[in-house]
Amino acid sequence: MNYGYGDQRPGNPSVAYTEQTQLRDLKKRLPLRVLSADDFAHWQRYGYVIVKQAISAEQVARTVDFLWEFQALDRDDVASWSKPELREHEMRELNGSGMVEAYQNQALWDNRQTPRVYDAFVDIWDREDLWVTIDRANLNTPNAGVRKFGGFIHWDADTTLTPLPVNVQGVLALSDTNEEGGGFQCIPELFEQFDAWRRSAPADRNAWRPDLATLPWQPRFIPMQAGDLLIFNSLLAHGIRPNTSADRVRLAQYISFTPAGEDDQELRDWRIGSWCRREPARGYAFPGDPREWEKTRYPRAQLTTLGERILGLRNWADGLQASTEALLA
């Protein structure tokens with residue numbers, strides 16, 4: 001079953017689904033680094049957990065400054081916020097949602113290579129050899145003028161597959177959120193009851209979007225503060241709430257990690273090359289910034305040793321660094 005907008009499906013080619021035990025059933029071996037025991041229990045039961053103050057206030061401010069600059073919007077001029085987006089998305093429910101197609105900026109990489117962010121995903125996966133997603137950001141201004149975003153709920157995984165895919169997603173809040181100003185929403189009860197619900201659901205249902213009219217639960221808004229990291233299971237039905245405020249802006253960066261695929265040389269080369277050349281993720285529905293500002297206006301991001309490992313530039317096991325000459329050609 002396709003997503004509903006053609007034969008392609010949502011996803012980010014910087015990572016791939018991993019065949020392993022479902023994360024809700026994972027038995028911990030490594031000691032928890034960031035999450036508490038209660039946090040981990042909540043994650044496994046409801047499919048999401050919030051890591052408070054995952055990055056510093058200074059990092060939040062630098063990232064926010066970059067996003068306003070990259071979107072060419074004046075944060076002090078509400079009237080300027082409603083100009084059309086640069087291009088439409090293939091996933092049409094995202095049109096008007098404020099997606100920012102920036103992927104390789106230093107501010108984004110600084111957040112990815114923050115030890116507290118990485119350690120939280122070590123807790124989730126129960127392993128250290130992880131790769132970070134090459135993902136985008138969000139600057140969601142109020143619905144006004146040409147912006148008519150109604151919000152959505154979906155899965156970024158095919159929920160009809162057996163066995164079910166295993167993957168994790170994350171969103172880093174760069175502003176405080178409330179229900180009026182938009183932000184993350186999900187259906188925790190559906191995740192909790194997912195196996196039973198799936199057995200009773202119609203065989204011809206949409207694999208990517210739940211039918212809200214038939215569910216006994218409705219989407220729940222999850223409030224966050226700037227600097228908080230929300231990690232969620234890809235089997236959690238989730239989405240963005242519309243911004244119905246007069247003057248609030250929701251800003252966020254999408255960050256996730258999956259087990260490193262160091263044996264997949266093609267994928268590894270693509271990941272390193274995208275960082276070298278400051279290119280977008282090229283996932284379904286996100287073709288990149290048509291202005292190519294990341295290439296022309298910003299330098300290549302500098303990586304820490306941790307950053308090199310989570311990109312794939314340096315091996316986890318032996319610490320050896322890959323050559324970038326061919327990828328820069």
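What counts, and at which threshold
Residues numbered from 1 in each chain as written. Predicted model: local features only at pLDDT ≥ 70, side-chain atom pairs only at ≥ 80, totals over all residues. Heavy atoms only, no water. Helix = DSSP H or I, 4+ residues; strand = E, 2+ residues; numbered from the N terminus. Polar contact = N/O pair within 3.5 Å; in protein donor to acceptor, adjacent residues only side chain to side chain. Contact = heavy atoms within 4.5 Å. Phe/Tyr/Trp six-rings, centres within 6.5 Å; stacked < 30°, edge-to-face > 60°. Buried < 20%, exposed > 50% of the residue type's maximum accessible area, 1.4 Å probe, protein only. pLDDT = per-residue confidence, 0-100. Pairing = 2+ DSSP bridges. Axes fitted to C-alpha atoms, helices over the stretch in contact; angles between N-to-C directions.

A.B. asks: So what about the side chain of Asn 243? Which residues, and what values?
C.D. replies: Looking at where Asn 243 falls in the secondary structure, it is placed in the loop between strand S9 (238-241) and strand S10 (250-254). A polar contact of 3.0 Å, which involves the side chain of Asn 243, links it to the backbone oxygen of Asn 140. Excluding residues within four positions of it along the chain, Asn 243 makes contact with Asn 140, Thr 141, Pro 142, Asn 143, Glu 180, Gly 181, Gly 182, Arg 248, Val 249 and Arg 250.

A.B. asks: Describe the packing of aromatic side chains, and please don't skip the residues or the numbers.
C.D. replies: Applying the stated criterion across every chain, the model contains 12 aromatic pairs. Summarising the aromatic geometry, the rings of Phe 66 and Tyr 298 are spaced 5.3 Å apart at their centres and angled 80° between planes, so their arrangement reads as edge-to-face. Of this pair, Phe 66 sits in helix H2 (residues 57-70) while Tyr 298 sits in the loop between helix H8 (293-297) and helix H9 (305-311), and the two are 232 residues apart along the sequence. Tyr 298 shares its class with Phe 66; the two are buried. The interplanar angle of 90° and the centroid separation of 6.1 Å between the aromatic rings of Phe 70 and Trp 293 together place this pair among those described as edge-to-face. Here Phe 70, found in helix H2, pairs with Trp 293, found in helix H8; they are 223 residues apart in sequence, far enough to count as distant.

A.B. asks: With reference to specific residues and values, describe the confidence of the model for the protein.
C.D. replies: Looking at the protein, the pLDDT average stands at 89 and 87% of residues meet or exceed 70. Counted against residues more than four places away or in other chains, residues 1-8, with its pLDDT under 50, gives 27 contacts.

A.B. asks: Which residues make up the sheet that holds S10, and what are the values?
C.D. replies: Backbone-to-backbone hydrogen bonds join strands into a sheet, with any given pair of strands oriented parallel or antiparallel. Spatial strand order, S1-S8-S5-S10-S4-S2: 6 strands in an open sheet with antiparallel pairing. Only two strands of the sheet have a single partner each, and these edge strands are strand S1 (48-51) and strand S2 (99-100). Two strands pair when backbone bridges link them, and S1 and strand S8 (residues 229-233) are joined in this way by 4 bridges, in the antiparallel orientation. Across the sheet, Val 49 pairs through a bridge with Ile 231, a residue of S8. Sheet strands in contact with helix H4 (residues 115-125) are S1, strand S5 (168-173) and S8, and its direction is about 25° off that of S8.

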